[in-house]
Each structure stands twice: as structure tokens, then as C-alpha cells.
Amino acid sequence: MEYEAVIGLETHVQLKTKSKMWCGCANEFGAPPNTHVCPVCLGLPGVLPVANEEALRLTVLTGLLLNCQIPQRAKFDRKNYFYPDMPKNYQITQYDQPSTVNGHVEFEFNRALARVRITRAHLEEDVAKNFHFERSSGVDFNRAGVPLLEIVSEPDLTSADQTYEYLNALVEILRYGKISDCDMEKGMVRCDVNVSVRPKGAKELGAKIEIKNMNSFSGVRRALEYEIPRQIEVLKRGGKLIQSTRRWDDEAGVTEEMRTKEFAHDYRYFPDPDLMPSVPTEQWLAEVKSRAVELPLARKQRFMRDYGLPANDAEVFKNDVPLGNYFESVAKQSKNPKAVANWVINNLRAKLAEKSEAGRDVPIAPRRAEDNPPYQNLKFKPEALLELIGLVETKTVSSSAAQQVFAEMFETGNSPATIVKEKGLAQVSDTAAIEKFCDEAIAANPGPVADFKSGKAAALNFLKGQVMKLSKGKANPALVGEILERKLKQ
Ligand SMILES: [Zn+2]
């Protein structure tokens with residue numbers, strides 16, 4: 001019998017706000033322990049939480065980017081449980097009336113479009129962080145009360161690789177929308193993975209097994225690559241799977257059972273009496289909507305459609321937003337966007353990377369949408385790039401000479417026409433001049449000439465090279481080929 005996996009994810013993402021969810025403490029990673037704390041986020045008695053409006057905006061913005069519905073009313077609830085990293089003994093979350101519901105994410109997988117439905121994205125707070133030392137433990141409350149978005153997917157994923165691509169697509173959307181930096185190293189994204197297996201084609205879901213607290217996407221992929229065959233093996237041997245929670249041991253490369261869910265938690269949810277329900281007004285929603293950005297996949301598709309670019313080029317401009325924006329500003333004025341893409345990707349990007357590695361002023365283009373791209377500080381104008389493309393198209397310069405022109409204009413900002421003139425790089429299409437170079441090359445190389453005449457076609461390339469050398473690289477190569485062949489066949 002064949003089996004299939006069914007996977008759903010709960011992804012937790014820290015929101016990019018200045019302050020925490022219920023107090024004015026800074027939402028900042030890396031500060032000394034317990035320096036961003038106050039009575040509210042320490043859960044002292046008698047304090048009152050005040051909702052961070054920007055966190056609410058970012059939650060609704062996420063909903064819009066994930067094609068969710070935005071209910072007219074959302075509320076906050078207390079989820080009660082005791083744990084040392086949660087001083088209030090309850091977490092404030094959204095239980096039955098979340099801020100966003102019923103969306104979906106589309107992404108590319110195996111050269112097709114995949115779609116994962118989003119059940120909900122709700123707002124809650126992060127907990128503190130526990131540290132375990134040799135003989136003691138410590139708690140850092142800097143993270144307690146940081147706004148946390150939980151994005152819950154439907155069980156629409158079917159493989160480890162597909163899950164990995166979904167997570168990448170999700171994070172890309174959140175970065176585009178400036179909702180979160182999604183810095184995995186700083187623990188800004190963590191997820192719980194729900195995975196079950198069932199006979200292929202069966203309607204009913206198998207026992208749900210949850211792998212808790214994953215903090216890297218490659219870890220999620222490895223965990224699933226282990227867990228799915230493990231579950232299938234149990235069923236094949238006639239065993240039974242029960243609903244349980246497991247943890248992934250990355251070093252050992254295995255999942256281990258933490259607890260079975262025979263005794264499900266009762267969190268005794270109830271509405272938080274200290275917080276008003278959130279009822280977005282038309283005006284407030286319009287303001288959030290104005291912050292919606294074009295999605296990464298839509299951008300890639302648009303670059304392919306509007307500029308006739310191949311998928312690889314469009315992918316580069318999807319991943320490197322400032323580079324793509326620069327390309328677009330030039331391509332809009334060009335009849336040959338593919339040539340613009342070639343120059344921007346192969347030459348400009350390489351030059352900027354070179355500069356940056358040399359520790360100079362132009363940084364490597366960041367992957368994320370930034371407000372201050374390095375392209376504002378380029379010495380040459382977009383028009384210069386268009387001019388250079390024109391010079392290649394009219395065969396005024398050869399493509400190798402064009403590389404030199406580009407290098408020069410990148411360094412000095414001089415116009416291509418000026419550079420061509422000063423450096424004498426104009427391609428020689430003057431037949432008389434080329435005929436003269438050909439005659440010289442033929443006279444100086446009787447050996448190869450004889451080879452060619454006796455049928456060795458490769459000898460022509462050698463002679464062509466000699467002519468190019470005589471012309472100092474400026475002869476039009478196509479013309480050189482034509483003229484040489486005609487002369488040799490006389
Ligand atoms: Zn605080």
C-alpha cells in the first residue's frame with residue numbers, strides 16, 4: 001500500500017514594531033538580559049496592558065498580503081497556563097475572534113503553482129527566554145510581551161520540500177511587507193509542524209503528530225524527511241500512531257516523543273477583561289491597505305510578462321528588490337529590456353559586489369526592499385546605459401569593447417560616446433580598412449592559409465584572431481569572417 005503525508009504549519013513571527021505588545025518597552029533583540037522590562041511585561045499585579053496599534057496594523061496588513069478576510073471585530077483572550085517564562089501565568093492571544101481568517105499563499109513548487117490555505121493569522125505575545133546553565137537557570141524577560149503573529153495553515157502540504165518552499169515564500173512576503181525582519185538567527189521565526197500519514201487517496205486524516213519549536217527551515221525539512229518515513233514504517237508494520245508531540249534532535253537527526261495528547265491541555269480561554277475588542281474603522285483599514293505591497297511572486301510574473309524576461313532574470317529581481325527597481329527604471333525607457341537586464345545582472349551587480357568586497361562605499365545590494373538602494377549613488381545615469389546598449393545594437397562598438405566602456409563609465413560617470421572616442425573603441429566596419437588587415441594577416445601566415453585551403457576549417461578562426469589583433473579588437477568580427485573567407489576562396 002502507498003502512503004501520503006499531510007502537513008500543516010503554525011508559524012510564529014515576531015513583528016517589527018518599536019515597542020512591545022502591551023507596554024512601552026523596546027522591542028529590541030540582543031540587549032543585556034532584563035533591561036527592556038517594566039511592571040507590565042513582568043506581569044506584576046495591578047498593571048493594565050495597552051494594545052500596540054502598529055502591531056494590530058501589521059497583523060491586518062499580513063492578512064491582506066495573505067489574501068485573508070478581515071473580520072469586523074477581533075478580540076483578545078487569556079490562554080492560561082503556568083510556565084517560568086510567562087510571569088502572568090497566561091498568554092494574551094486571539095482565540096475565537098482573530099484579526100484575520102481564510103486566506104491563502106501561492107508559491108512556485110516543481111515548476112508549478114502551489115497554493116496553501118491560511119486558516120488564520122492572529123496576534124499574541126511572545127514569552128520570555130529561558131537559559132540553562134551548569135547549576136542554575138535564568139530567565140530573560142526582554143522577549144516577554146514582544147508582539148507575535150501566529151500564521152496557521154490548513155493541512156495542504158504533502159512533502160518536506162514543498163513545506164520548505166512554503167516557508168520561504170511566506171517569509172519573503174513578510175519581508176516584502178516590512179512586517180518582520182524574519183531573522184532566523186535571532187529566533188524571529190519559529191514553527192510547529194503538524195504531520196500525519198494516511199493511505200494514498202484516503203479521506204480521513206491519520207493521527208496528528210506535532211513537531212514543536214522548529215527554528216530553521218532546513219531543520220523543518222530534515223525533520224519531515226525523517227518523520228514521514230518513520231510514521232509510514234509504523235503503519236506498514238501494523239502498528240498504530242497516536243496523537244503526540246515530538247521534538248527534533250538536529251544532531252542525532254531523529255524526532256523524539258515528548259508527550260502524548262491523551263490528556264489534552266485545557267487552557268481555560270476567556271476574553272481578556274482589560275482589553276477592548278478591536279473594531280477596525282473604514283479609515284483605519286484604508287490606511288493599512290495603502291501599505292500593501294506587490295507580492296514577490298506577482299513581481300516575478302510581472303517582470304516576465306511586461307519585460308519579456310526569462311524566469312531566471314525575473315527571479316534575480318524578485319530576490320533583490322533594489323536591483324529590480326533599478327532595472328525597471330531603466331527598462332521602462334528601453335526597447336530592449338532583455339539587454340538592460342543582462343547589463344544590470346551581469347555587469348552592474350558584479351561591479352557593485354566587487355566594490356563592496358574591496359570595503360568601499362557601495363554595499364552589495366541587499367535582498368530586502370530597502371528605502372536607500374545603492375543605485376542612487378551610481379556615477380552614471382540610466383540614460384548612459386541606454387546609450388551603451390544602443391552602441392552595441394548599431395554595431396558601433398563590439399560586445400567586448402562595450403564591456404570596457406561599461407567599466408569606464410561605472411568608474412568615471414563619463415558618457416559612453418565620450419569613452420568610445422577617447423579610447424578609440426569604435427568598431428571598424430569600414431570594409432577597406434578590414435580588407436587591408438585581412439591581406440596583412442594572410443601574407444604573414446602562409447601555414448594556416450595552406451591549412452584552410454586543404455580543408456581545415458579551424459584555421460579560419462586563427463586567421464580571424466590575427467585580423468582582430470591587427471585592428472586592436474575594433475574590427476567588426478562578422479565582417480572579418482566574411483571578408484577573410486572570400487579572400488581565401490579566391
Ligand atoms: Zn514592558
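Our structure is the block above this text.
Residues numbered from 1 in each chain as written. Predicted model: local features only at pLDDT ≥ 70, side-chain atom pairs only at ≥ 80, totals over all residues. Heavy atoms only, no water.

### Describing the sheet that holds strand β3 (residues 90-93)
- On the basis of which strands lie adjacent, the open sheet formed by three strands has the order β3-β2-β13 and antiparallel pairing. Because the sheet does not close on itself, it has two edges, and the strands there are β3 and β13 (270-271).
- When strand β2 (residues 77-80) meets β3, the two strands line up antiparallel, connected through four bridges. Looking across to β3, one finds that Asn-80 is bridged to Tyr-90. (Pairing = 2+ DSSP bridges. Helix = DSSP H or I, 4+ residues; strand = E, 2+ residues; numbered from the N terminus.)

### Side note on the coordination of the zinc ion
- Coordination of the zinc ion by the protein is provided by Cys-23 (SG), Cys-25 (SG), Cys-38 (SG) and Cys-41 (SG), with metal-donor distances spanning 2.3 Å.
- If you look at the zinc ion, its four donor atoms make angles of 102 to 114° with each other, and the shape they trace is tetrahedral.
- When the donors of the zinc ion are listed by position in the chain, the intervening gaps give C-x1-C-x12-C-x2-C.
- The class of Cys-41 is buried, set by a relative accessible area of 8%. (Donors = N, O, S within 2.8 Å, 3.2 Å for Na, K, Ca; no water. Tetrahedral: all angles 85-135°; square planar, octahedral: opposite > 155°, others 65-115°. Buried < 20%, exposed > 50% of the residue type's maximum accessible area, 1.4 Å probe, protein only.)

### A look at the packing of aromatic side chains
- Overall, the coordinates contain 14 aromatic pairs when judged by the stated rule.
- Ring geometry for Trp-22 and Phe-76: centres 5.1 Å apart, planes at 90°, overall edge-to-face. You can see Trp-22 sitting in the loop between β1 (3-14) and α1 (53-65) and its partner Phe-76 sitting in the loop between α1 and β2, a full 54 residues away along the chain. For the pair shown, Trp-22 and Phe-76 are each scored as buried. (Phe/Tyr/Trp six-rings, centres within 6.5 Å; stacked < 30°, edge-to-face > 60°.)

### Some thoughts on the pattern of salt bridges
- In total, this model carries 40 salt bridges according to the counting rule given.
- Note that Arg-198 and Glu-4 form a salt bridge whose closest N and O atoms lie 3.0 Å from each other. Linking Arg-198 in strand β9 (residues 189-199) with Glu-4 in strand β1, this pair joins segments that are 194 residues apart in sequence.
- Arg-198 gets classed as buried once you look at its relative accessible area, which sits at 16%.
- Its salt-bridge partner being Lys-487, residue Asp-439 comes within 3.1 Å of it at the nearest N-O pair. With a gap of 48 residues between them, Asp-439 in helix α12 (residues 431-444) and Lys-487 in helix α15 (residues 477-488) connect regions that are remote in the sequence.
- What you see here is one network of salt bridges that share partners, running through Glu-53, Glu-54, Arg-57, Glu-287 and Arg-291. (Salt bridge = Lys/Arg side-chain N within 4 Å of Asp/Glu carboxyl O.)

### What about helix α2 (residues 160-176)?
- Taking 1.5 Å of rise per residue, the 17 residues of α2 would be expected to cover 24 Å, and the 25 Å separating its terminal C-alpha atoms lies within 8% of that figure.
- Burial of α2 is extensive: 12 of the 17 residues sit out of reach of the surface.
- For α2, the full list of buried residues reads Ala-160, Gln-162, Thr-163, Tyr-166, Leu-167, Ala-169, Leu-170, Val-171, Glu-172, Ile-173, Leu-174 and Tyr-176.
- At the exit of α2 stands Lys-178, carrying a positive phi of roughly 55°. (Expected span 1.5 Å × (residues − 1).)

### A closer look at the state of the cysteines
- By the definition in use, this model includes zero disulfides.
- Its sulfur unpaired, Cys-191 is 11 Å from the next cysteine sulfur, which belongs to Cys-182.
- A residue is classified by how much of its surface remains accessible, and Cys-191, at 1% relative accessible area, is buried. (Disulfide = S-S within 2.5 Å.)

### Brief notes about the nonpolar core
- Val-105, Phe-107, Ile-151 and Tyr-166 are the most contacted members of the largest nonpolar core, which totals 65 residues.
- Of all the elements, α2 adds the most residues to this core, at eight residues.
- Excluding anything up to four places from it in sequence, Phe-107 contacts Ala-112, Leu-113, Ala-114, Val-116, Leu-157, Gln-162, Glu-165, Tyr-166, Ala-169 and Leu-297.
- Listed in part, the 37 residues of the second largest apolar core include Phe-380, Met-409, Ile-419 and Leu-425. (Core = buried A, V, L, I, M, F, W, Y, C linked by side-chain atoms within 4.5 Å. Contact = heavy atoms within 4.5 Å.)

### Regarding the sheet that holds strand β11 (residues 244-249)
- Strand order across the open sheet formed by eight strands is β4-β5-β8-β1-β9-β10-β11-β12, with mixed pairing between neighbours. Two strands in the sheet have a free side with no partner beyond their single neighbour: β4 (100-109) and β12 (254-260). Across the sheet, the mean angle separating the axes of adjacent strands is 30° when strand polarity is ignored.
- Across the sheet, helix α5 (residues 296-307) touches β4 and β5 (112-125), and the angle it forms with β4 is around 45°. (Axes fitted to C-alpha atoms, helices over the stretch in contact; angles between N-to-C directions.)

### Quick look at helix α3 (residues 217-236)
- Taking 1.5 Å of rise per residue, the 20 residues of α3 would be expected to cover 28 Å, and the 29 Å separating its terminal C-alpha atoms lies within 8% of that figure.
- Along α3, the positions that sit buried rather than exposed are Phe-217, Gly-219, Val-220, Ala-223, Leu-224, Glu-227, Ile-228, Arg-230, Gln-231 and Ile-232.
- Against the buried residues of α3 lie β1, α2, β9, β10 (209-214), β11 and β12.
- Taken from the residues just after α3, Gly-238 is the one with a positive phi, measuring 85°.

### Section: the pairing of β11
- Here β10 pairs with β11 via three bridges, running parallel. Among the inter-strand pairings, Glu-210 is bridged to a residue of β11, identified as Thr-245.
- Read as a crossover between parallel neighbours, the route from β10 over α3 to β11 is left-handed.
- When β11 meets β12, the two strands line up antiparallel, connected through six bridges. Within β12, the position partnered with Thr-245 by the bridge is Arg-259.
- Adjacent in sequence and paired antiparallel, β11 and β12 are bridged by four residues, among which Gly-253 carries a positive phi angle near 75°. (Right-handed = clockwise from strand over helix to strand, strands pointing away.)

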